[in-house]
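Chain residues, written in single-letter form:
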Amino acid sequence: MNAAVMRVGRLVAMTWARSLEFLRDRSALGWNVAAPVLMVAGFAVIFSGPGQPLFKVAVVAPPGLALDGQLHPFLATEHVQFYREASLDKVIGKVGRHQVDLLLDLSGTSGRYWINPESAKGEIAEKLLQATDPPLERQEIGGAPIRYVDWVVPGLLGMNMMFSCLFGIGYVIVRYRKSGYLKRLNATPLTALEFLLAQLLSRLALTLMITVFCFVGTTLFLHFRMDGSYLDLFLVTLLAAVSMIALGLIVASRVASEEFAGGILNLITWPMMVLSGVFFSIDGAPRAVQVAADLFPLTHLLTAARAIMLEGTPLSALGYHVGALALMSALFLGLGAWMFRWTQD
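Residues numbered from 1 in each chain as written. Predicted model: local features only at pLDDT ≥ 70, side-chain atom pairs only at ≥ 80, totals over all residues. Heavy atoms only, no water.

**Student:** Would you explain the overall build of the protein chain in this entry?
**Tutor:** Broken down by element type, the protein chain carries 12 helices and five strands. The buried share among the 345 residues of the protein chain stands at 46%. Entry remark: accessible area of the protein chain is about 16,900 Å², with carbon and sulfur atoms responsible for 66%. (Helix = DSSP H or I, 4+ residues; strand = E, 2+ residues; numbered from the N terminus. Buried < 20%, exposed > 50% of the residue type's maximum accessible area, 1.4 Å probe, protein only. Areas by Shrake-Rupley, 256 points an atom, 1.4 Å probe, with all protein chains shown as cover.)

As structure tokens, this is what we get:
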């Protein structure tokens with residue numbers, strides 16, 4: 001019993017010490033708070049005007065058939081982006097939210113299409129469709145448009161979380177190892193697992209605190225769309241933060257050079273920024289790109305967060321993304337603990 005109490009006491013002391021160290025670094029704390037707020041506000045101003053005249057059309061078609069003019073003449077129309085959707089139920093809501101200008105269902109013997117009558121771009125795309133043969137049966141679905149800032153805010157806050165989790169863990173532990181601090185800690189009763197858990201809990205608490213503060217602060221004047229549960233959104237964010245912190249532990253487990261750690265962290269973060277859909281959707285991207293994106297925790301965070309905020313999807317319907325984040329958290333944390341060394345090899 002006494003040994004368990006001592007372990008908890010050491011864990012609490014180490015977590016508190018790490019938290020105070022970060023809070024006393026005013027430049028790092030200020031940047032973590034100011035950066036996401038400034039980025040959200042900047043994108044809100046830049047993208048507050050009318051959208052570009054680009055048509056995006058989703059197509060549900062039998063597998064194996066190419067989306068070209070042979071399937072339907074409209075698919076040969078220039079300046080229209082056509083991409084394949086596997087499920088009709090999954091994409092109909094996108095038409096209602098103005099995320100897709102038109103939806104074609106060419107999977108049956110008689111083709112149909114869906115349009116939002118409140119969408120100006122959808123109306124023009126429909127005129128292009130009606131100029132081709134054979135005609136398709138018209139279906140309507142209503143809904144209010146989603147502003148770009150509503151769509152991009154999960155990406156901006158998720159990107160800030162990614163940098164905070166990876167660099168906040170990676171650089172700190174590498175600096176500890178380089179300065180000999182880890183070597184001194186190794187001479188104490190503190191175990192490697194206790195040390196890593198303290199780092200994880202400290203960074204997790206600080207990251208969530210800053211993210212919640214930024215989200216609440218920016219939504220007061222931008223009024224983000226929120227159709228789902230705030231609790232579901234928080235739980236997904238919590239799980240994603242754990243997975244990204246655990247990924248940072250892998251990088252910091254053995255490296256003793258801050259420059260080398262920075263290179264590895266940049267090698268991880270930049271592909272995540274590009275492929276995870278921070279600034280733009282990858283719905284129409286090649287299948288190989290989408291498979292690669294699924295390897296990153298940020299992809300599952302953004303997909304789940306947008307589904308909750310923009311579509312009102314409950315957490316129970318996001319099992320794939322929640323399961324992927326849980327698996328990544330366990331895998332990364334296990335690898336980080338197994339690879340961890342107090343001193344440089």
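Additional details are given in the paragraphs that follow.
**Student:** Looking at this structure, how should I read the sheet that holds strand β2 (residues 80-84)?
**Tutor:** By definition, the strands of a sheet pair up through backbone hydrogen bonds, in either a parallel or an antiparallel sense. What the five strands build is an open sheet, ordered β2-β1-β3-β4-β5; its pairing is mixed. Among the strands making up the open sheet, the edge pair consists of β2 and β5 (137-140). For this sheet the average axis-to-axis angle between neighbouring strands, irrespective of direction, equals 25°. Bridge count for strand β1 (residues 55-60) against β2 is five bridges, and the pairing is parallel. Counterpart to A58 in the pairing with β2 is Y83. (Pairing = 2+ DSSP bridges. Axes fitted to C-alpha atoms, helices over the stretch in contact; angles between N-to-C directions.)

**Student:** What is the right way to look at the environment of E311 in this model?
**Tutor:** Looking at the secondary structure, you find E311 in helix α11 (residues 297-311). Separated by 214 residues in the primary sequence, E311 and R97 place their C-alpha atoms 8.5 Å from one another. Here E311 is in contact with R97, Q99, D227 and R306, once residues within four sequence places are set aside. (Contact = heavy atoms within 4.5 Å.)

**Student:** Help me out: how do you make sense of the packing of aromatic side chains in this one?
**Tutor:** Aromatic ring pairs: the centre-centre distance and the angle between the two ring planes describe each pair. The tally for this structure, following the rule as stated, stands at 10 aromatic pairs. Between F167 and Y171 the ring centres are 5.6 Å apart and the planes differ by 35°, which places this aromatic pair in the tilted class. Remark: Y171 and F167 occur in helix α5 (residues 148-179); sequence separation between them is four residues, near one turn of the helix. Look at F340 and W342: their rings are 5.2 Å apart centre to centre, the planes differ by 80°, and that puts the pair in the edge-to-face class. Here the two residues F340 and W342 agree in accessibility, since each one is buried. Members of the aromatic cluster, each reached through a chain of ring pairs, are Y176, Y181, F195, F340 and W342. A cation over an aromatic ring shows up here: K56 above the ring of Y83, its NZ or CZ 5.3 Å from the ring centre. In this structure, R306 is placed above the aromatic ring of W151, and the distance from its NZ or CZ to the ring centre is 3.6 Å. (Phe/Tyr/Trp six-rings, centres within 6.5 Å; stacked < 30°, edge-to-face > 60°. Lys NZ or Arg CZ within 6 Å of the ring centre and 35° of its normal.)

**Student:** Would you take a moment to explain helix α12 (residues 319-339) for this structure?
**Tutor:** Along an α-helix, a turn takes 3.6 residues, which lines up residues three or four apart on a common side. Helix length check: α12 (21 residues) gives 30 Å between terminal C-alpha atoms against 30 Å at 1.5 Å per residue, within 8%. Taken together, the buried positions of α12 are H321, A324, L325, M328, S329, F332 and G336. Projected down its long axis, α12 shows its buried positions confined to an angular sector of 135°, all on one face. Turned more than 90 degrees off the buried face of α12, the exposed positions are Y320, L327, A330 and W338. In this fold, the buried residues of α12 make contact with α7 (192-222), α8 (230-252) and α11. (Expected span 1.5 Å × (residues − 1). Arc of directions from axis to C-beta.)

**Student:** Mind showing me how you'd approach the pairing of β5 here?
**Tutor:** Every other side chain in a regular strand lies on the same face of the sheet, so the side chains alternate between the two faces. When strand β4 (residues 112-115) meets β5, the two strands line up parallel, connected through four bridges. Residue pairing in the sheet places I115 in a bridge with E140 of β5. In this region the chain leaves β4, passes through helix α4 (residues 120-130) and returns to the parallel neighbour β5; the handedness of that crossover is right-handed. (Right-handed = clockwise from strand over helix to strand, strands pointing away.)

**Student:** Looking at this structure, how should I read α7?
**Tutor:** For α7, with 31 residues, the first-to-last C-alpha span of 44 Å sits near the 45 Å given by 1.5 Å per residue. Downstream of α7 by a residue or two, H223 has a phi angle that is positive, lying close to 55°.

**Student:** Hey, could you run me through the pattern of salt bridges in this one?
**Tutor:** Side chains carrying opposite charge are able to pair once their charged atoms draw close together. Throughout the structure, instances matching the rule amount to eight salt bridges. Across the pair R225 and D227 runs a salt bridge, and its minimum N-O distance is 2.9 Å. Each of R7, R10 and E194 takes part in a single network of salt bridges with overlapping partners. (Salt bridge = Lys/Arg side-chain N within 4 Å of Asp/Glu carboxyl O.)

**Student:** Sorry if this is basic, but what is going on with the nonpolar core here?
**Tutor:** One recurring pattern in soluble globular proteins is that nonpolar side chains are buried together. Residues I173 and F195 are the most contacted members of the largest nonpolar core, which totals 72 residues. For this core, the elements supplying multiple residues, two or more each, are α1 (2-24), α5, α6 (181-186), α7, α8, α9 (258-275), α11 and α12. In terms of residue count, the dominant contributor to this core is α5 (17 residues). With residues near it in sequence (within four places) discarded, I173 still touches L182, F195, L196, Q199, L249, A252 and F340. The next biggest cluster of nonpolar side chains, apart from the first, holds 16 residues, and it includes F74, V80, F82 and L102. (Core = buried A, V, L, I, M, F, W, Y, C linked by side-chain atoms within 4.5 Å.)

**Student:** What should I look at first to understand unusual backbone geometry in this one?
**Tutor:** Backbone phi values are negative for most residues with the exception of glycine, while trans is the configuration of most peptide bonds. P134 follows D133 through a cis peptide bond whose omega is 0°. Within the fold, P134 resides in the loop between α4 and β5. Even without being a glycine, H79 presents a positive backbone phi close to 65°. As for its placement among the helices and strands, H79 is situated in the loop between β1 and β2. Not every positive phi belongs to a glycine, and H223 is a case in point at roughly 55°. Take H223: it is sitting in the loop between α7 and α8. For H223, a relative accessible area of 57% gives the class exposed.

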